[in-house]
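# Tertiary structure, described
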Amino acid sequence: MCCSPGSGRSSEAAPTEPPRVEGMQSWQGPSVPVLPGSGPQLRLYDTADRQVRPVAAGDTATMYVCGITPYDATHLGHAATYLTFDLVHRLWLDAGHRVNYVQNITDVDDPLFERAVRDGVNWRELADRETALFSEDMRALRVLSPHDYVAATEAIGEVVELVEKMLASGAAYIVDDPSHPDVYYRADATAQFGYESGYDRDTMLRLFGERGGDPDRPGKSDELDALMWRAQRPDEPSWPAPFGPGRPGWHVECAAIALSRIGTGLDIQGGGSDLIFPHHEFSAAHAECVTGERRFARHYVHAGMIGWDGHKMSKSRGNLVLVSRLRAEGVEPTAIRLGLLAGHYRADRSWSDAVLDEATVRLQRWRDATALPAGPDATDVVARVRRYLADDLDTPKALAALDGWATDALEYGGHDSEAPRTVATAVEALLGIKL
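Residues numbered from 1 in each chain as written. Predicted model: local features only at pLDDT ≥ 70, side-chain atom pairs only at ≥ 80, totals over all residues. Heavy atoms only, no water.

### Some remarks on the pattern of salt bridges
Put simply, the rule reads: Salt bridges are counted wherever a side-chain nitrogen of Lys or Arg sits within 4 Å of a carboxyl oxygen of Asp or Glu. Three exposure classes are used, based on accessible area relative to the maximum for each residue type with a 1.4 Å probe and protein chains only: buried under 20%, partly exposed in between, and exposed over 50%. Numbering of helices and strands starts at the N terminus; helices are DSSP runs of H or I of at least 4 residues and strands are runs of E of at least 2.
For the coordinates displayed, the defined rule picks out 32 salt bridges. For R53, the salt bridge goes to D46, with nearest N and O atoms at 3.3 Å. The exposure classification of R53 matches that of D46, with both residues buried. Here E428 and R142 are joined by a salt bridge, their closest N and O atoms 3.1 Å apart. With E428 in helix α13 (residues 419–431) and R142 in the loop between α3 (123–140) and β5 (148–151), the pair connects residues that are 286 residues apart, well separated along the chain. Each member of the pair, E428 as well as R142, is classed as buried.

### Structural notes on empty space enclosed by the protein
For clarity, the cut-off: Of the two site types, the cavity is a set of points on a 1 Å grid over the protein atoms alone where a 1.4 Å probe fits but cannot get out, and the pocket is an open set with protein on both sides within 12 Å along at least five of seven lines, each lined by residues with an atom within 4 Å of a point. Grid points are joined across faces, edges and corners, and a volume is the space filled by probe spheres set on the points.
The final tally for this structure, using the stated rule, is 3 cavities of 30 Å³ or more. Estimates place the volume of the second largest cavity at around 60 Å³. For the lining of the second largest cavity, the secondary-structure elements that each account for two or more residues are α1 (76–94) and α9 (333–341).

### Comments concerning the nonpolar core
What counts here: For this analysis, a nonpolar core means a set of buried residues of the types Ala, Val, Leu, Ile, Met, Phe, Trp, Tyr and Cys, connected via side-chain atoms within 4.5 Å. Contacts were defined at the residue level, with two residues in contact if any of their heavy atoms lie within 4.5 Å.
Ranked by internal contacts, the top residues of the largest apolar core, which has 73 residues, are L76, W92 and W351. It is α1 that contributes the most residues to this core, 10 residues altogether. What W92 contacts, discounting residues up to four positions off in sequence, is L42, V55, A57, A61, T62, M63, H97, V99, D267 and I268. Counting 57 residues, the second-largest nonpolar core is a separate cluster that includes A152, V163, I257 and F282.

### Remarks on the packing of aromatic side chains
Quick note on the threshold: The rule is short: rings of Phe, Tyr and Trp, with Trp giving its six-membered ring, pair when the centres are within 6.5 Å, and they are stacked under 30 degrees, edge-to-face over 60, tilted in between. To sit over a ring, a charge needs its Lys NZ or Arg CZ within 6 Å of the ring centre and within 35 degrees of the ring normal.
In the structure shown here, the tally under the stated rule is 13 aromatic pairs. Look at Y82 and F134: their rings are 5.4 Å apart centre to centre, the planes differ by 75 degrees, and that puts the pair in the edge-to-face class. Placement of the pair is Y82 in helix α1 and F134 in helix α3, with a sequence separation of 52 residues. Like Y82, the residue F134 is buried in the burial classification. Between W229 and F243, the aromatic rings sit 5.4 Å apart at their centres with planes inclined by 85 degrees, giving edge-to-face as the arrangement. In this pair, W229 is assigned in strand β8 (residues 226–231) and F243 in the loop between β8 and β9 (246–248), connecting sequence segments 14 residues apart. Neither residue differs from the other here; W229 and F243 are each classed as buried. One residue, R346, lies across the ring of Y45, its end atom 4.3 Å from the ring centre. Taking the ring centre of Y388 as reference, the NZ or CZ of R387 above it sits at 5.4 Å.

### Here's the deal with α9
Counting buried positions over the 9 residues of α9 gives 8, a clear majority of the element. The complete set of buried residues in α9 reads T334, A335, I336, R337, L338, G339, L340 and L341.

### A short note on the packing of helix α4 (residues 156–169) against helix α7 (residues 276–291)
Defined as follows: Every axis in this analysis is a line fitted to C-alpha atoms, fitted for helices over the stretch in contact. Angles between the N-to-C directions lie between 0 and 180 degrees. Note: crossing handedness is left-handed where the near helix turns anticlockwise from the far helix by less than a right angle, and right-handed where it turns clockwise. In the scheme used here, Gly and all other residues not listed as nonpolar or charged are polar, with Ala, Val, Leu, Ile, Met, Phe, Trp, Tyr, Cys and Pro taken as nonpolar and Asp, Glu, Lys and Arg as charged.
Interaxial distance between α4 and α7 falls to 10 Å at its minimum, and their mutual angle equals 65 degrees. Read as a crossing pair, α4 and α7 show a hand that is left-handed. On α7, the residues that touch L162, K165 and M166 of α4 are H286, C289 and V290. Classifying every residue of the contact of α4 with α7 by side-chain character gives 4 nonpolar, 1 polar and 1 charged.

### Examining the pairing of β8
This is how the line gets drawn: For two strands to pair, DSSP has to find at least two bridges joining them.
Burial within β8 is extensive, with 6 of its 6 residues counted as buried. In this structure, strand β7 (residues 183–185) lies alongside β8, joined through 3 bridges in antiparallel fashion. By the bridge assignment, Y184 is partnered in β8 with L227. When β8 meets β9, the two strands line up antiparallel, connected through 3 bridges. The residue bridging R230 from the neighbouring strand is R247, located in β9.

### Some remarks on the sheet that holds strand β11 (residues 297–303)
The sheet built from 5 strands is open, its strands ordered β5-β4-β3-β10-β11 with parallel pairing. Looking at strand neighbours, the two that pair on one side only are β5 and β11, the edges of this open sheet. Mean inter-strand twist for the sheet, computed between neighbouring axes without regard to direction, equals 20 degrees. As defined by bridge partners, strand β4 (residues 98–105) adjoins β5 across 4 bridges and the pair is classed as parallel.

Spatial relationships are all this shows, so hold off on functional conclusions.
The structure is reproduced here in C-alpha cells:
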C-alpha cells in the first residue's frame, strides 16, 4: 500500500532527462484546539516487542511514517494508515509534546515509471499530479501535516552518503555484474536483523519476493540481501555517485531521510502492516548499521489493512475505494474519517456502504447533541476519550463513550451550558472530527 516497493525490474521507457529537485510542499493542516489539562501517556503496540507498552517520548516526540508512491490516487487503505498516525500526533500535542513528524514520498520507483509509460505521460508530471491529489485528500480528511515532507528525489545526497558508508564498512557490496553493478546490503550486517518483524527465514524469503525484493538476482551473497542502489539502466533516470550513476533502492531512502531529518532514536517508525517486512526491517537495519544503535526506533507501529470485496485494498488488485472519488460523489470527508476510525487501527477490516452509513448517522447525532444549549457534564466523557485513545488508540471505545454522552444529551438533556462546546472541542482536538 503506502510507500510501495519497487520490483527491481527495468522500466520500458521512463524518461531520462536530468532529474529535477524542488522542495516538496506539505499540505496546510487544520489548527488543533487546546483542551484544559493534558492527556495521559500514550501506550502503543510495538511490533518488535509484540506488546503494548508506553511510548517514552521526550519534550519533542519524533515520528517517521512512510509515504506514498505517487502513481495513483489515495485509497481508503492509505487514508486509514495516515489517520492512525494523525491520532498519535494529536495525542502527543494533547499531552504537551512538540512533534517532529517526517513523511517521505517515493517519487522514484518502478511502479511510477511503469504507470507513466502505460499512460504516455512524463513520470515527474504523474508524480506531481498524484502527490497534489494526495495532499488534497489529506487536507479534506483533516490530517495534520508533517513537519518535513520529503521526496526521495530531494534526498539523493543523503542516500549516496549512506551507501558510501556501508560500502566502506563492508555492510554493502557491488554485485559482480559489469553490465549492472548494483549495490546490495548484506542482510547479516547487523546481528539483530529480524528483530523488528520476528519472522523466520522462510517467511522473510516469501515476503521479500512478494514485496519488491529480488531473491533470485545472480551474484548476490545471500538471497535476502537488499538493493541499495540500482545502477544506471537505459531509459531510467539516474543520479551521479562515487560508486556509479544510478538511483536509490526502496529501503535506503527512508533510512537516509529519517536520519537526516530526525536523527537517531526516533520514537516511532510507522506505516501499514504490509511494510513490516521487508521495508521496515531493512530501513531499520540500514540505519542501525551506520549508527551502531541497537534499535532504529523505540516503537514500530503498524496499521491494519482495509478490505473491499473480500480482499485487501491495493493498487495492484484494482479494488480501490478512492478518497477523491467519494468526495466527488458528495460524501463528506468527516464521515469518511469517522468511518475509518470506527475500527481499531491494528485490525484488518472491511469498508462498505454500511460502514459509511453508520458513520454518517453517528456524525449527525454528535452534531445534534453538541448543538444543544446545554447537556450532561462533559468531564467524565472527555477523560474517558483521552484514556481510551491513549491505550493503543482504542477508537471503538472512545466512539462508544461519545455515543453514550450524545444519547444522554438528546434523550435526557442536561444543565451544563458549557458541556456541548467542551465535547465538540474534545472531538475536534483528539479525533480530528469537526462538528
